[in-house]
Amino acid sequence: MSRSRSDSHTASDPLRPSDHAETAAAAEVTNPSLSVVGWLRWGWTQLTSMRTALLLLLLLAIAAIPGSLFPQRSADPNGVVQWRRNNPEMFPLADALGLFDVYISPWFSAIHLLLFLSLIGCVIPRAKHHYVALRSRPPRTPSRLSRLPAHRELVVAADGDDAERVIATASDMLSRSGYRVERYDQRGSFSVSAERGYLRETGNLVFHVALVGVLVSVAVGGSFAYTGQRVVVEGTTFVNALSDYSSFNPGRFVDGAGLVPYSLTLDDFRVAYRLPGTPGAGQAENFDAQVTVRQPGQEDSEQSVRVNYPITVANDRIYLLGNGYAPTLTVKNGDGDIVFSESQPFLPQDSNMTSLGIIKIPDGLPKQIGLVGFFYPTQGTLPSGAFTSIYPDVVDPVLTFNVFSGDLGIDDGTPRSVYTLDVSGLDQETGGDSGVESLELRPGDTVDLPNGWGSVTWEIDEEMQPVKRFASLQIQQDPSSGGVLVFSVIAMAGLFAGLFVPRRRVWVKARAVEDGVRVEYAGLARGDDPTLQRAIDELARRHSTSVDARPAPADDTDHSHDSTERTPS
Amino acid sequence: MTDLSLDGISLLLVWTAIATYVLAFAAYTIDLAQRSAVSTSAPARTLVAAGGNRGDSPEPAPPASAGSDAHSPRRVWARIGTSLTVLAFLFHLGGTLGRGIAAERVPWANMYEFALTGTLLIVAVYLVVLRLYDLRFLGAFLLGMIVLLLGGATLGFYVEVAPLMDPLKSIWLVIHVFVASLATALFALACGVSVTQLMQGRRERLLAADSVMRKAKKSPRFLTTIPSAETLETLAYRFTIVGFMFWSFTLIAGAIWANDSWGRYWGFDVKEVWTFVIWVLYAGYIHARATRGWRGSRSAWLSIVGFAAVLFNFTIVNIYFPGLHSYSGLTS
Ligand code: HEM
């Protein structure tokens with residue numbers, strides 16, 4: 001079943017890498033001639049060989065694995081910090097090896113760039129060859145059809161002169177079923193050569209080219225992409241300008257200056273919790289950030305941002321990433337002047353929404369102070385006496401604060417997260433070893449700061465809602481996604497055609513014999529083709545009934561192949 | 001579980017299915033043993049193609065010549081095995097449907113349910129394929145695997161019905177996970193065939209090297225009753241390419257879902273990494289089969305490695321690798 005049984009077959013074969021299993025072994029390039037060009041050509045042949053493609057694919061698979069074993073900066077920056085803390089000695093080495101940025105590391109990039117270089121080098125000559133094959137005629141009919149893998153022979157009761165008519169019928173029949181046909185008649189013997197399934201090679205080429213398309217889309221589109229995050233408390237408004245983001249990651253060609261002006265107010269944040277005693281008790285669901293979007297020159301629109309259902313505003317996609325509580329707090333100094341009054345987002349620490357929040361008051365008090373607060377929506381007590389939250393919804397809310405004083409490190413201009421406080425250089429005034437009880441508040445309470453510095457009040461706006469919620473939103477634009485999707489779909493279509501369209505050649509040959517016309521049907525598959533024999537049998541049946549046949553006296557089948565195929569019983 | 005809730009009934013059906021699978025496994029094993037016992041009498045059949053026939057498209061078997069029936073005994077135990085498999089499949093199907101109805105959603109939203117539906121699909125694909133190819137020699141291998149996976153999952157991963165988490169409330173849960181399970185089923189079948197192919201290939205090599213068949217006798221003798229290594233390779237390839245289509249679709253559907261859910265279509269989350277690794281491994285397998293020197297045993301090994309990665313992805317990655325895809329339902 002070698003593909004190159006007769007020379008005429010190879011004439012229109014798609015040019016495959018020299019070590020393709022179906023290419024004649026003679027084509028192997030062995031030693032390069034000792035010139036630069038010779039070496040280059042040799043290198044290129046090596047790079048575009050099947051073996052190299054295969055090795056690079058396997059290397060790619062292996063090289064991708066460390067990215068699942070080590071936390072990646074792009075996906076899990078906190079994991080990297082954690083890893084560093086746990087393995088301080090190993091960290092520099094691991095980092096130098098790129099283990100925390102596997103997918104942009106030099107070695108991973110080298111593998112995938114070589115792979116795509118190989119791919120392009122492989123596809124171009126094949127595409128050229130395929131283009132020629134698409135325009136060439138089906139190959140000459142081999143002289144001994146009986147040697148082909150699928151073969152059948154019949155004698156049709158017809159006049160010896162009818163051989164030509166018999167072949168004409170076969171030719172019609174084949175071209176109607178999508179074969180390209182060519183007649184090769186010789187004196188006394190008529191034959192048609194037919195080929196179908198060029199779509200197989202086309203699909204294969206389209207698939208490989210579409211992979212390049214995916215890669216290029218990612219690279220080009222990605223450099224115009226940006227992602228920003230912002231925490232919005234109920235009742236407040238986010239304005240789409242760089243200064244209003246809490247974090248912003250621009251692609252290479254984005255500076256954040258040209259953001260479309262629109263604003264977004266979080267009117268209400270809804271969430272439902274499974275009640276205790278039901279399956280999944282305490283599980284939160286149906287998160288829903290109700291927002292009002294304002295755009296210049298347009299009516300305000302009320303929309304709802306939910307998990308899995310981002311909204312689109314001015315080409316930005318806006319996602320709901322997270323949520324939490326933002327108690328409204330007022331801090332006054334000893335004279336009763338307000339030094340702080342805000343709804344401060346507290347970040348959830350566990351599934352029952354025990355939340356951690358930081359308040360920094362650099363001015364207006366005798367010293368700079370930092371408050372490290374915990375919010376318990378439904379307060380419970382651990383065996384150790386420490387508070388915890390036992391249910392994520394607000395049933396019995398409690399706030400506690402530890403007060404720290406000293407230099408908050410704000411004045412030196414280094415940016416500091418509003419969600420963390422480095423307490424290492426600070427004096428602890430309440431809680432811990434300070435000997436002073438932590439501050440503890442319930443909705444509406446006011447408690448005094450230590451040392452007569454002032455007071456903290458938990459403000460409630462409405463009786464119904466002692467604490468506001470916040471939503472953390474992600475605002476992003478990624479022009480690559482459209483291209484990636486389109487090329488992926490094209491790749492799938494190409495893959496389907498490349499794998500499942502049967503490509504085969506079929507020949508029908510007729511020759512006058514004493515009692516009629518002897519017709520031979522033969523087929524040759526190119527690539528995996530589970531239905532070849534069936535197709536030949538079917539052709540023989542249809543054709544012979546249309547020209548009136550009787551079985552050839554000799555054994556009319558070629559059944560040398562064993563297989564597991566079930567026989568109809 | 002004290003009262004017979006729908007979920008309880010479902011669990012009961014699943015255990016019944018597991019017990020029946022064990023019986024089917026036993027029957028298939030007896031069949032393999034019998035094949036070994038009788039096989040020496042008709043060794044020639046599979047050797048026909050072992051010689052020059054190097055093609056990759058063995059054609060469907062010819063309508064059996066009268067002789068081949070005489071060679072293949074009636075395989076009573078294999079038939080019993082298949083009947084038991086069908087019966088177990090029905091229990092399994094009932095258990096899975098019951099679970100879905102009890103949960104009021106598709107029954108594939110946590111580890112236990114993935115295993116339930118995934119193994120159901122493996123058996124379904126096996127039974128469908130059985131109508132096209134006589135793969136009963138794989139029965140023992142496959143059912144052994146099913147018993148381990150399903151039994152292990154029911155013991156280790158079972159959780160009571162719980163409502164879906166928000167991120168899972170998406171049409172993509174239905175499509176993406178189902179197609180992934182279908183791909184897994186095909187890869188499982190391909191892996192089984194590849195293992196058999198390796199055994200058969202080894203036996204054929206021994207036979208070719210030693211015509212007296214002394215060494216070849218060390219290979220399991222049931223091999224003489226199953227197709228040649230080459231035919232097996234083609235079969236494995238066919239299952240794999242269909243599985244590969246499904247897996248590619250899984251990859252794309254997952255990216256679309258991720259884009260809606262997490263705000264990016266690709267982020268090298270652990271699960272994404274492994275889905276990609278598996279995809280590349282099978283792309284490698286397809287290439288290997290087209291590369292001179294890689295056909296035969298080497299590509300069979302790739303098929304096995306590919307399926308090992310699928311299993312690793314399903315078990316170890318789901319349980320031990322933290323990531324966004326933490327839907328095993330086991331943590332809380
Ligand atoms: C990103 C890298 C690559 C991937 C993911 C990939 C994937 C695939 C897949 C899935 C197929 C089967 C699809 C079909 O037949 O239509 C295939 C076939 C093929 N690929 Fe690639 N490929 C890659 C790179 C290459 C390279 C570099 C070469 C050239 C050396 C190459 C040459 C071929 C050939 C010749 C076939 C046909 C195999 C056959 O005859 O069955 N591929 N590839």
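Everything quoted here is computed from the prediction, not taken from an experiment.

Caption draft 1: Spatial organisation of the overall build of chain A. Summing up its helical and strand segments, chain A has 11 helices and 27 strands in all. By the burial criterion, 49% of the 569 residues in chain A qualify as buried. A sequence separation of at least 24 residues applies to 63% of the contacts in chain A between residues at least 6 apart. Per element, the accessible surface of chain A, about 27500 Å² overall, is 55% carbon and sulfur.

Caption draft 2: Inspection of the overall build of chain B at higher detail. Secondary structure summary: chain B contains nine helices and zero strands in total. In chain B, the order of α-helices and β-strands from amino to carboxyl end is α-α-α-α-α-α-α-α-α. Residues counted as buried form 62% of the 332 residues belonging to chain B. Contacts in chain B between residues at least 24 apart in sequence constitute 84% of all its contacts with a sequence separation of at least 6. Taken as a whole, chain B presents about 13000 Å² of accessible surface, with 70% of it coming from carbon and sulfur.

Caption draft 3: Summary view of the sheet that holds strand E13 (residues 338–343) of chain A. All names here are of chain A. Reading across from one edge, E13-E12-E23-E22 is the order of the four strands in this open sheet, with antiparallel pairing throughout. The open sheet has two free edges, formed respectively by E13 and strand E22 (446–448), since each of these has just one partner strand. In this sheet, neighbouring strand axes are inclined to one another by 15 degrees on average, regardless of whether the strands run parallel or antiparallel. By the bridge criterion, three bridges tie E22 to strand E23 (residues 454–459) in an arrangement that is antiparallel. Bridging from a neighbouring strand, valine 447 pairs with valine 456 of E23.

Caption draft 4: Examining the pattern of salt bridges more closely. Summed over all chains, the structure comprises 31 salt bridges over all chains. Of the charged contacts, one joins A:Arg183 and A:Glu164 as a salt bridge, the two residues approaching to 3.4 Å between their closest N and O atoms. Remark: A:Glu164 occurs in helix H8 (residues 163–176) and A:Arg183 occurs in strand E2 (residues 180–183); sequence separation between them is 19 residues. Overall, the relative accessible area of 27% leaves A:Arg183 in the partly exposed class. The salt bridge involving B:Asp134 is made with B:Arg136; its shortest N-O contact spans 3.0 Å. Several salt bridges share partner residues, and in doing so they unite A:Glu195, A:Arg503, A:Arg505 and A:Arg526 into one network.

Caption draft 5: Region of the structure containing the nonpolar core. Core analysis: the largest hydrophobic core is formed by 115 residues, its most contacted members being B:Tyr21, B:Tyr126, B:Leu135, B:Leu173, B:Phe239, B:Tyr282 and B:Phe307. Aside from chain neighbours lying at most four places away, what touches B:Leu173 is B:Val106, B:Trp108, B:Ala109, B:Leu164, B:Leu168, B:Phe178 and B:Trp257. Core analysis: the next-biggest nonpolar cluster, separate from the first, contains 51 residues, A:Phe238, A:Phe248, A:Ile359 and A:Ile475 among them.

Caption draft 6: Up close: the site of the ligand. What surrounds the ligand is a group of 26 residues, the closest being A:His20, A:Ser118, A:Cys122, A:His208 and B:His287. Between an oxygen atom of the ligand and a side-chain N or O atom of A:His20, the distance comes to 2.7 Å. In this structure, B:His287 approaches the ligand through a side-chain N or O atom, which is 2.4 Å from a nitrogen atom. Listing elements by their share of the shell around the ligand, those giving two or more residues are helix H3 (50–64), helix H7 (106–135), helix H9 (198–222) and helix H10 (480–500) of chain A together with helix H8 (270–289) of chain B. Looking at the shell around the ligand, the element that brings in the most residues is H7(A), giving six residues. For the shell around the ligand, the residue count by class is 16 nonpolar, eight polar and two charged.

Caption draft 7: A look at the confidence of the model for chain B. Residue and element names in this part refer to chain B. Overall, the predicted model of chain B reaches an average pLDDT of 82, with 82% of residues at or above 70. Contacts from residues 39–71, a stretch scored under 50 in pLDDT, to residues over four places away or in other chains number 68 contacts. Taken over the whole predicted complex, pTM reads 0.85, whereas the ipTM for its chain interfaces reads 0.86.

Caption draft 8: Structural detail: the packing of H8(B) against helix H9 (residues 297–320) of chain B. Residue and element names in this part refer to chain B. Where H8 meets H9, the closest approach of the two axes is 9 Å, and the angle between their N-to-C directions is 170 degrees. On the basis of the axis angle, H8 is roughly antiparallel to H9. Of the residues in the contact of H8 with H9, the class split is 14 nonpolar, seven polar and two charged.

Caption draft 9: Spotlight on the packing of aromatic side chains. Residue and element names in this part refer to chain A. Across all of its chains, the model carries 29 aromatic pairs over all chains by this definition. With centroids separated by 5.7 Å and ring planes inclined at 55 degrees, the aromatic side chains of phenylalanine 70 and tryptophan 83 adopt a geometry described as tilted. Here the residue phenylalanine 70 occupies a position in the loop between helix H4 (66–69) and helix H5 (77–86), and tryptophan 83 occupies one in helix H5, the gap between them amounting to 13 residues. Looking at tryptophan 83, the relative accessible area reads 19%, which means it is buried. Ring centres of phenylalanine 375 and tryptophan 458 lie 5.9 Å apart, and the angle between their planes is 75 degrees; on these two criteria the pair is classed as edge-to-face. Within this pair, whereas phenylalanine 375 is found in strand E16 (residues 369–376), its partner tryptophan 458 is found in strand E23, the two being separated by 83 residues in sequence. One residue, arginine 180, lies across the ring of tyrosine 198, its end atom 4.4 Å from the ring centre.

Caption draft 10: Structural view of the packing of H8(A) against helix H11 (residues 532–547) of chain A. Residues and elements named next belong to chain A. For the pair H8 and H11, interaxial distance at closest approach is 10 Å and the crossing angle is 135 degrees. Relative to H11, the element H8 lies oblique. Handedness of the H8/H11 crossing: right-handed. Counted together, Arg165, Val166, Thr169, Ala170, Met173 and Leu174 of H8 and Leu539, Arg542, His543, Ser546 and Val547 of H11 form the full contact between these two elements. Of the residues in the contact of H8 with H11, the class split is six nonpolar, three polar and two charged.

Caption draft 11: Structural detail: the coordination of the iron atom of the ligand. Within the protein, the iron atom of the ligand binds to A:His208 (NE2) and B:His287 (NE2); these donor distances fall in the range 2.0 to 2.1 Å. In this structure, the iron atom of the ligand is coordinated by six donor atoms arranged in octahedral fashion, with angles at the metal of 71 to 178 degrees. Of this pair, A:His208 sits in helix H9 while B:His287 is found in helix H8, placing the two residues in two different chains. Pair check on accessibility: A:His208 and B:His287 agree, each one buried.

Caption draft 12: Here's a closer look at the sheet that holds strand E7 (residues 263–273) of chain A. Residues and elements named next belong to chain A. In space, the four strands of this open sheet follow the order E5-E7-E8-E9, with antiparallel pairing throughout. Each edge of the open sheet is held by one strand with a lone partner, namely strand E5 (237–239) and strand E9 (301–306). The mean inter-strand angle of the sheet, taken between neighbouring strand axes irrespective of direction, is 30 degrees. Two elements, E7 and strand E8 (residues 284–294), share nine bridges in a ladder whose sense is antiparallel. The residue of E8 that forms the bridge with tyrosine 273 is alanine 284.

Caption draft 13: View of the pairing of E9(A). Residues and elements named next belong to chain A. As defined by bridge partners, E8 adjoins E9 across six bridges and the pair is classed as antiparallel. Bridging from a neighbouring strand, glutamine 290 pairs with serine 304 of E9. Hairpin connection of E8 to E9: six residues between the antiparallel strands, including glycine 297 at a positive phi of 75 degrees.

Caption draft 14: A look at the confidence of the model for chain A. Residue and element names in this part refer to chain A. The pLDDT averaged across chain A works out to 85; a share of 90% of its residues lies at or above 70. Looking over chain A, one finds the lowest element-wise mean pLDDT in helix H1 (residues 7–11), namely 38, and the highest in H10, namely 95. Of the regions scoring below 50 in pLDDT, residues 1–12 engages in 27 contacts with residues more than four places distant in sequence or in other chains. Here residues 554–569 is a poorly scored stretch, pLDDT under 50, and it has 49 contacts once near neighbours within four places are set aside; other chains count.

Caption draft 15: A look at the environment of B:Gly267. Positionally, B:Gly267 belongs in the loop between helix H7 (229–261) and H8. For B:Gly267, a relative accessible area of 15% corresponds to the buried category. Taking the C-alpha atoms as reference points, B:Gly267 and B:Val125, 142 residues apart in sequence, are found 32 Å from one another. Discounting residues that sit within four places of it in the chain, B:Gly267 has contacts with A:Ala75 and B:Glu272.

Caption draft 16: Summary view of the pairing of strand E26 (residues 516–526) of chain A. All names here are of chain A. The element E26 is extensively covered by neighbouring structure, given that 11 of its 11 residues are classed as buried. Of the strand pairs in this sheet, strand E1 (residues 150–156) and E26 are connected by seven bridges, and their pairing is antiparallel. The partner of glutamate 153 across the bridge, within E26, is glutamate 520. Sheet analysis places strand E25 (residues 503–513) next to E26, joined by 11 bridges and oriented antiparallel. Paired with valine 513 across the strands is glycine 516, a residue of E26. What sits between E25 and E26 in their antiparallel hairpin is a turn of two residues.

Criteria and cut-off values
Residues numbered from 1 in each chain as written. Chains lettered and ligands numbered in written order. Predicted model: local features only at pLDDT ≥ 70, side-chain atom pairs only at ≥ 80, totals over all residues. Heavy atoms only, no water. Helix = DSSP H or I, 4+ residues; strand = E, 2+ residues; numbered from the N terminus. Buried < 20%, exposed > 50% of the residue type's maximum accessible area, 1.4 Å probe, protein only. Contact = heavy atoms within 4.5 Å. Areas by Shrake-Rupley, 256 points an atom, 1.4 Å probe, with all protein chains shown as cover. Pairing = 2+ DSSP bridges. Axes fitted to C-alpha atoms, helices over the stretch in contact; angles between N-to-C directions. Salt bridge = Lys/Arg side-chain N within 4 Å of Asp/Glu carboxyl O. Core = buried A, V, L, I, M, F, W, Y, C linked by side-chain atoms within 4.5 Å. Near = heavy atom within 4 Å. Polar contact = N/O pair within 3.5 Å; in protein donor to acceptor, adjacent residues only side chain to side chain. Nonpolar A, V, L, I, M, F, W, Y, C, P; charged D, E, K, R; others polar. pLDDT = per-residue confidence, 0-100. Parallel < 35°, antiparallel > 145°, perpendicular 65-115°, else oblique. Phe/Tyr/Trp six-rings, centres within 6.5 Å; stacked < 30°, edge-to-face > 60°. Lys NZ or Arg CZ within 6 Å of the ring centre and 35° of its normal. Left-handed = near helix turned anticlockwise from the far one by under 90°. Donors = N, O, S within 2.8 Å, 3.2 Å for Na, K, Ca; no water. Tetrahedral: all angles 85-135°; square planar, octahedral: opposite > 155°, others 65-115°.

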